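Structural overview for review
Here are the chains, one letter per residue:
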Amino acid sequence: MDVLKRVPVREQDPKVRARNFDEVCLGYNLEEAIQEGARCLQCKKPKCVAGCPVSINIPEFIKELCKGDVEAAFNVISEYSALPAVCGRVCPQETQCEQRCIRGIKGDPVSIGKLERFVADWARENGMKPAKPKKTNGRKVAIIGAGPSGLTCAGDLAKMGYEVTIFEALHEPGGVLVYGIPEFRLPKETVVKAEIENVKALGVKIETNVIIGRSITIDELMEDEGFEAVYIASGAGLPKFMGIPGENANGVFSANEYLTRSNLMKAFDASYDTPIIAGKKVAVIGGGNVAMDAARTALRLGADVTIVYRRSEEELPARVEEVHHAKEEGVKFRLLTNPKEILVNDSGWVSGMRCIEMELGEPDSSGRRKPIEKAGSEFVIELDTVIMALGTSPNPLISSTTEGLVTNKYRCIVANEDDGSTSKEGVFAGGDAVTGAATVILAMGAGKAAAKGIDQYLQSK
Amino acid sequence: MEDNYKYTIMNKEKLADSIYLMDIKAPRVSRNCYPGQFIILKMDEKGERIPLTICDYNREAGTVTIVFQAIGSSTKRMAEYEIGDAFQDFTGPLGHRSVLIDMPKEELSDKKVLFVAGGVGAAPVYPQVKWMKENGYHVDCMIGARSKNYIILEERIKKYAANVYVCTDDGSYGFNGNVCDCIKDLIHNQGKQYDIIVAIGPMIMMKFVCILTKELGIKTIVSMNPVMVDGTGMCGACRLTVGDEIKFACVDGPEFDGHLVNFDEAIKRSQMYKTEEGKAILRQNERDTHHHPGCECHER
Ligand SMILES: Cc1cc2nc3c(=O)[nH]c(=O)nc-3n(C[C@H](O)[C@H](O)[C@H](O)COP(=O)(O)OP(=O)(O)OC[C@H]3O[C@@H](n4cnc5c(N)ncnc54)[C@H](O)[C@@H]3O)c2cc1C
Ligand SMILES: Cc1cc2nc3c(=O)[nH]c(=O)nc-3n(C[C@H](O)[C@H](O)[C@H](O)COP(=O)(O)OP(=O)(O)OC[C@H]3O[C@@H](n4cnc5c(N)ncnc54)[C@H](O)[C@@H]3O)c2cc1C
Ligand code: SF4
Ligand code: SF4
Ligand code: FES
């Protein structure tokens, strides 16, 4: 075996998986995991840990795993993360823990994410549950939003003895993990539900169908329902549109709508009531994870799919693995292309899209080379469906109904990075609601920091 | 599994052919809801999220009243639920409350208000009329429908409105003509004057009322019911063009200044899952996504 190379992970064949919603990556088995784990050098000063936003003790869990004690490995991870089976699947490891791994200097970095996933899956399959806290201290904390940030903060506070209730607007907890990221990347029933059950097992209550700001306000939670502190983890769910002509035609969807219909409402399964217009010829506008997810979903629903992105391949913000998977499955890419207008037929449906070719100029404020239009390069693609995956911003519902809560010009809640505190006493915030659309693990990191911050605040009150 | 179904049906009435009223136990919604807002109901695991306007509420009993017309697959399935059954999910209140509620008292006091309800639109109109009366305002209300059998909530509305005008397209009850004809009749022939009209009903009705009231120079408020999914501002399915802005009906509305709404676009969008073209696309999808073992396309 070449120690410079990682143990390859088994995946569903691209041709087969392009037509089903089953998970693409099949993960390691015990033998493969131990073999891959053995590549870890057990560094004294592990660089990988510094790359993980929740500082999982990576060499320690890998050591236990290599001894064959998966249970001990799981206990190590559980000290730091409440959702390891999720993170092992969706973390952008190549820019976090694995990017710093010393093995990466001369070869492939250790597959930390895949190992974490293996341990978490093994623990679930073997009925392991995180230990329930001894006793509650009777003090109530409310969490808004059951996404990764809210779940993490809730889990940590419950472990410290607080009585935690999460209020979730949708009918199902999980946030983007249930409505955004598709089944074929993150199985809902086996993985997401199971990890949420683990959080509940710590004593956390989850009340679904409650919209803070409408059903009840933050002030009412604190004054009438006895919550001493509140953590806002309401995410960044508001979709952006381009503002080009034709965008309200029938057949134009936000990625959030398309993915919500397919994931949360299970429209891909004919036995569920919610309809979805999958389209036959679909363009997805954007180049991030959301765009890849929408494109690969449309593909699985039977469409011919093209990703339209205004910069070049190098600038694609999506994870490398996702782009690679999308290509393998048959998603087409039209890079350096920008939509100008969506063409509409007489009955109001999309018939095509007028685009222009772009070229890269000087670097802009983000450091990336700025795309500029190539004069006279306009052309039309025929389409029946357009999916806009241009990013999202925080929903103003909570900030507009909570007096004294300061937001910035991007409508993000202003919060202290170290402890999550906001401009309002007793109110903390974190995750996408504060940073704008980011990642699962950063949202979890913010939840952890806020749990500590809330504990300190309540202890000193 | 059954414990998950916690929103119990406390009362059910058939108001007209295929139109039902239900009181649902939902204390959290009941406590903070107001006329003009709506809820989203999900029957069971496989159900879709169905938006319905709040028709009444009883804060002591912790119930919310909804009225719906069984027109499609989901609402027909809902009509089969009986007293004692329960829905899995019931979320709300959603959207803003009626703009009249937030209008300063001095301003609203000297306004003459007419409510215009078309078909099931009587359901969202009723709580507004009731609220106006209970807060000391005298308003008129017009109820229009295709024919007599579809006039609903007339008795309840009569309790709270100063004058109630009924009209039917086929003349089987009340004024013979649609709501636009009836509005013209009130203003031109009966010497009525209004400063504000609140029109709620099918989009096509609201469109024509707005064309008329624009001519007449009467401020008009409409309540929009585009296709929705989450109802919290997350999907953009409910987007409308209002003036030159894009608005999400679920969080910015559902009420808007009727003279600014682009109804033609809204009507087209609301047909997305209903028109022949939409259905054809759906059928196509169904064929393409059946990949269960044993299905012929599975072999390929
Ligand atoms: C399609 C898609 C793919 C992605 N892929 C990846 C990936 O591969 N890797 C990765 O790391 N990140 C990915 N991300 C980003 C990642 O999912 C988010 O950064 C992360 O979920 C943010 O977590 P959060 O807890 O802050 O918010 P969310 O997950 O958005 O959760 C917020 C929750 O709060 C609820 N809520 C909102 N308002 C209210 C209210 N007023 N009252 C009550 N509840 C409310 C929402 O319904 C939601 O459930 C992806 C995002 C999308 C959309
Ligand atoms: C804010 C709001 C308030 C509403 N209040 C009421 C009410 O008080 N009483 C009532 O009877 N109806 C009301 N409606 C309409 C109601 O939601 C639809 O009648 C219902 O969704 C139709 O579903 P269906 O499957 O039975 O019909 P189908 O015709 O089979 O529906 C197919 C699809 O089209 C969509 N759809 C169809 N009609 C409408 C519509 N009018 N509005 C939005 N989406 C639609 C649904 O998403 C559904 O998935 C309201 C809608 C909105 C948005
Ligand atoms: S949580 Fe994410 S960043 Fe941290 S070790 Fe796991 S995969 Fe790496
Ligand atoms: S940096 Fe790499 S080799 Fe070193 S401890 Fe971390 S995973 Fe192991
Ligand atoms: S229904 Fe999704 S944004 Fe309004």
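Residues numbered from 1 in each chain as written. Chains lettered and ligands numbered in written order. Predicted model: local features only at pLDDT ≥ 70, side-chain atom pairs only at ≥ 80, totals over all residues. Heavy atoms only, no water.

1. Considerations on the overall build of chain B
Counting its regular elements, chain B contains 11 helices and 17 strands. Within chain B, buried positions represent 57% of all 300 residues. Considering only contacts in chain B between residues 6 or more positions apart, those separated by 24 or more positions represent 63%. Element-wise, carbon and sulfur atoms account for 47% of the exposed surface of chain B, whose accessible area totals about 13,100 Å². (Helix = DSSP H or I, 4+ residues; strand = E, 2+ residues; numbered from the N terminus. Buried < 20%, exposed > 50% of the residue type's maximum accessible area, 1.4 Å probe, protein only. Contact = heavy atoms within 4.5 Å. Areas by Shrake-Rupley, 256 points an atom, 1.4 Å probe, with all protein chains shown as cover.)

2. Focus on the site of ligand 2
Near ligand 2 lie 23 residues; those nearest to it are Glu48, Pro51, Thr53, Val67 and Thr75 of chain B. Around ligand 2 the close residues trace back to chains A and B. Serine 74 of chain B places a polar main-chain atom, nitrogen or oxygen, 3.2 Å from an oxygen atom of ligand 2. Measuring from an oxygen atom of ligand 2, one finds a side-chain N or O atom of threonine 75 of chain B at 2.4 Å. Among the elements of the structure, strand E4 (50-53), strand E6 (63-69) and helix H2 (73-79) of chain B are those that each provide at least two residues to the shell around ligand 2. Ranked by residues supplied to the shell around ligand 2, first place goes to E4 of chain B with four residues. (Near = heavy atom within 4 Å. Polar contact = N/O pair within 3.5 Å; in protein donor to acceptor, adjacent residues only side chain to side chain.)

3. Quick notes on the interface of chain B and chain A
At the junction of the two partners, chain B supplies 55 residues and chain A supplies 54 residues. In total, chain B and chain A occlude about 4,400 Å² of area from one another, counting both sides; carbon and sulfur atoms represent 51% of this. On the surface where chain B and chain A come into contact, there are four salt bridges. Between arginine 28 of chain B and glutamate 207 of chain A there is a salt bridge, with the nearest N and O atoms lying 2.6 Å from each other. Our count for the chain B to chain A interface comes out at 24 residue pairs in polar contact (both at pLDDT 80 or more). Residue contributions to the side of chain B that touches chain A peak at eight residues, all from helix H10 (residues 276-289) of chain B. Partitioning the side of chain B that touches chain A into residue classes produces 18 nonpolar, 20 polar and 17 charged. (Buried area = accessible area lost by both parts, 1.4 Å probe. Salt bridge = Lys/Arg side-chain N within 4 Å of Asp/Glu carboxyl O. Nonpolar A, V, L, I, M, F, W, Y, C, P; charged D, E, K, R; others polar.)

4. Thoughts on the domain arrangement of chain A
All names here are of chain A. Considered domain by domain, chain A is made up of domain 1 (10-125), domain 2 (140-237 + 393-460) and domain 3 (241-390). The partner domain 2 presents 23 residues to the 23 residues of domain 1 that form the contact. The junction of domain 1 with domain 2 conceals about 2,000 Å² of combined surface from both sides, 73% of it contributed by carbon and sulfur atoms. The three residues of domain 1 that bury the most area against domain 2 are Leu83, Val86 and Val90, which together make up 27% of that side's buried surface. The interface formed by domain 1 and domain 2 contains zero salt bridges. Run the count over domain 1 and domain 2 and you get six residue pairs in polar contact (both at pLDDT 80 or more). Class assignment for the residues of the side of domain 1 that touches domain 2 results in 15 nonpolar, three polar and five charged. (Domains from an automatic or database assignment.)

5. A short note on the site of ligand 1
All names here are of chain A. The environment of ligand 1 is formed by 34 residues, the closest being Val90, Ser149, Glu168, Arg185 and Asp432. Within the backbone of proline 148, one N or O atom sits 3.3 Å away from an oxygen atom of ligand 1. Aspartate 432 places a main-chain nitrogen or oxygen 2.9 Å from an oxygen atom of ligand 1. Relative to its unbound accessible area of 1,000 Å², ligand 1 is 94% covered by the protein chains. Residue assignment for the shell around ligand 1 shows that the elements contributing at least two residues are helix H9 (148-159), helix H14 (289-300) and helix H18 (440-460). Counting residues per element, the shell around ligand 1 draws most heavily on H14, which supplies three residues. Within the shell around ligand 1, the residues separate by chemical class into 20 nonpolar, 10 polar and four charged. Both domains that furnish three or more residues to the shell around ligand 1 are identified here as domain 2 (140-237 + 393-460) and domain 3 (241-390).

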